[in-house]
Amino acid sequence: MQLKKLLLVGLLFTLFQGLRGTALADNILGFKNHLIAQQNQSADSPSPETIEPGQNDTLPPIPQPRLSSLILPLPPLLMPDLLLPPYNFPSFNSQRLDQELHLYSRYLRTFGKPDVLIIGSSRSLQGIDPIALQEGLAKRGYPGLKVFNFGINGATAQVIDVLLNDILLPEQLPRLVIWGDGSRAFNSGRPDITYNGIIASEGYRRVQQGDRPIPPRSQWMALTLQANQKTSQNASSRPTRPPLPPDLTPNGFEVIPGRFDPQTYFRRFRRVPGQFDGDYQNFQLTGSQLQSTLLVARFAREQQIRLVYVNLPLTEYYLDSLRRRHEQQFRQHMQRVADRHQFTFVDLSQRSELMQNQYFVDPSHINAAGARAMALALAADNRIPWEVVRSSESQTSESQTP
């Protein structure tokens, strides 16, 4: 058994050294060819004093490293998901939470933790496009950033509290977290079905016992050896890798392509006034949801994470008089809480250009076009402390330097 373990470790080490050697050879050969090309061209070129402006542009560029060299800057234990055992943890009675944990596990193993994490309910899950946010930040001078969307259908403040404080580990979180949602996620007067299901689940019971669905990175190698030991003992026990959720991108984002057309939509669905909307039932901004919001804010402060709450927009068709009154109450409430507990409040709900029907799939949920518009609006927002992303990026590169 020990021999098999040593053979596996040797195989992984040989693979790494082979990739490292290939990368080094690629770079040396590329640079050598560049020098040869320069020498050949300089033989027929004029002296530096007679070179016209722009003439140096004809020199061949230094070749970019090939794929093999991209492996070198990765931390020693940041390995392809294929080399690690698949995600295997009891359900949290929330299919979307289970799926996001599976995706995030693969993401962490393959790319490391993101620079920005998006959290919230379905309104952020399908309402903030992580790729568009990366593009918008690149244009602002933050290129190469990684963004993951960890939205969960039905997530309230209590669900976000459990996710950050209990389910995920601090080492798995970036220095900037964007919490996108609306007032309904903070209404303590309505039943919290998603949260009640999570805390009654087998997955949550295991978490309470000290297990984590995504183990710390320091355990990845040991878990790999254990999984391969079991496989070598019984070939039929080889774990199968569950397929990725078909409606989620590898960045955790749900793409919704439809478009809200009031004339056709309300022929199919009955229009529900605010007084009969269960999401605003017994509207109350104190109580359990407020307590969980304060716990999330305290956790962010203790872990030196910059927390940004984004109030996402709704359509004019959705905002009748009762809903408008509750939404205004919520905006004032959340601004006070943010000021008092040291996180950033960004209100997009009053941006008329973002409330257009073309950006929604129904009166209150954003579609793919709207998700891109929201992401670009956030990237351009100076209230969000994007500078912490740049500093965290430099720290990461320093920690990965051999």
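The structure under discussion appears in the preceding block.
Counting restarts for each chain, with residues numbered from 1 along the sequence as it is written. For a predicted model such as this one, the threshold for reporting local features is a pLDDT of at least 70, and the threshold for listing and counting side-chain atom pairs is 80 or more; totals across whole chains, interfaces and linings nevertheless cover every residue. The side-chain quantities take in all heavy atoms of the structure and omit both hydrogens and water.

Moving on, we come to the environment of Gln328. Numbering of helices and strands starts at the N terminus; helices are DSSP runs of H or I of at least 4 residues and strands are runs of E of at least 2. With respect to the helices, strands and loops of the structure, Gln328 is situated in helix 11 (residues 321–341). As for Gln328 and Ser183, which are separated by 145 residues in sequence, their C-alpha atoms are 9.5 Å apart.

This part covers the environment of Ala371. Among the secondary structure elements, Ala371 is positioned in helix 12 (residues 368–379). Relative accessibility under 20% of the residue-type maximum defines a buried residue, over 50% an exposed one, and the middle range a partly exposed one, all with a 1.4 Å probe and only protein chains included. On the basis of relative accessible area, Ala371 is assigned to the buried category, the value being 0%. Here the alpha-carbon distance between Ala371 and Leu133, two residues 238 residues apart in the chain, equals 9.4 Å. Note on contacts: a residue pair qualifies if any of its non-hydrogen atoms lie within 4.5 Å across the two residues. Residues within four places of Ala371 in sequence aside, it is in contact with Gln126, Gly127, Ile128, Asp129, Phe253 and Ile366.

What follows deals with the sheet that holds strand 3 (residues 176–181). At least two bridges found by DSSP between two strands are what make those strands a pair. With parallel pairing, the five strands of this open sheet are ordered in space as 2-1-3-4-5. Edge strands, defined here as strands with exactly one partner in the open sheet, are strand 2 (147–151) and strand 5 (344–347). Along the sheet, successive strands turn relative to each other by an average axial angle of 20 degrees, direction set aside. By the bridge criterion, five bridges tie strand 1 (residues 116–120) to strand 3 in an arrangement that is parallel. Paired with Ile118 across the bridge in strand 3 is Ile178. Of the strands in this sheet, strand 1, strand 2 and strand 3 are in contact with helix 4 (residues 130–139), which crosses strand 2 at around 145 degrees. Here the axes come from fitting lines to C-alpha atoms, over the contacting stretch only for helices, and the angles between their N-to-C directions go from 0 to 180 degrees.

The next point concerns the nonpolar core. Counting 57 residues, the largest nonpolar core has Phe92 and Phe150 as its most contacted members. Here the element with the most residues in this core is helix 5 (residues 157–167); it accounts for seven residues. Excluding residues within four positions of it along the chain, Phe150 makes contact with Leu97, Glu100, Leu101, Tyr104, Leu117, Ile118, Ile119, Gly120, Leu163 and Leu168. In plain words, nonpolar cores are sets of buried Ala, Val, Leu, Ile, Met, Phe, Trp, Tyr and Cys residues tied together by side-chain atoms within 4.5 Å. Within the second largest apolar cluster, 33 residues are counted, among which are Leu137, Val147, Leu312 and Val346.

Moving on to unusual backbone geometry. The residue Asn282 is not glycine, and still its phi comes out positive at about 45 degrees. Position of Asn282 among the secondary structure elements: in the loop between helix 9 (262–268) and helix 10 (288–302). A positive phi angle is found at Gln304, which is not glycine, with a value near 55 degrees. Tracing the chain through its elements places Gln304 in the loop between helix 10 and strand 4 (306–311). Gln304 gets classed as exposed once you look at its relative accessible area, which sits at 64%.

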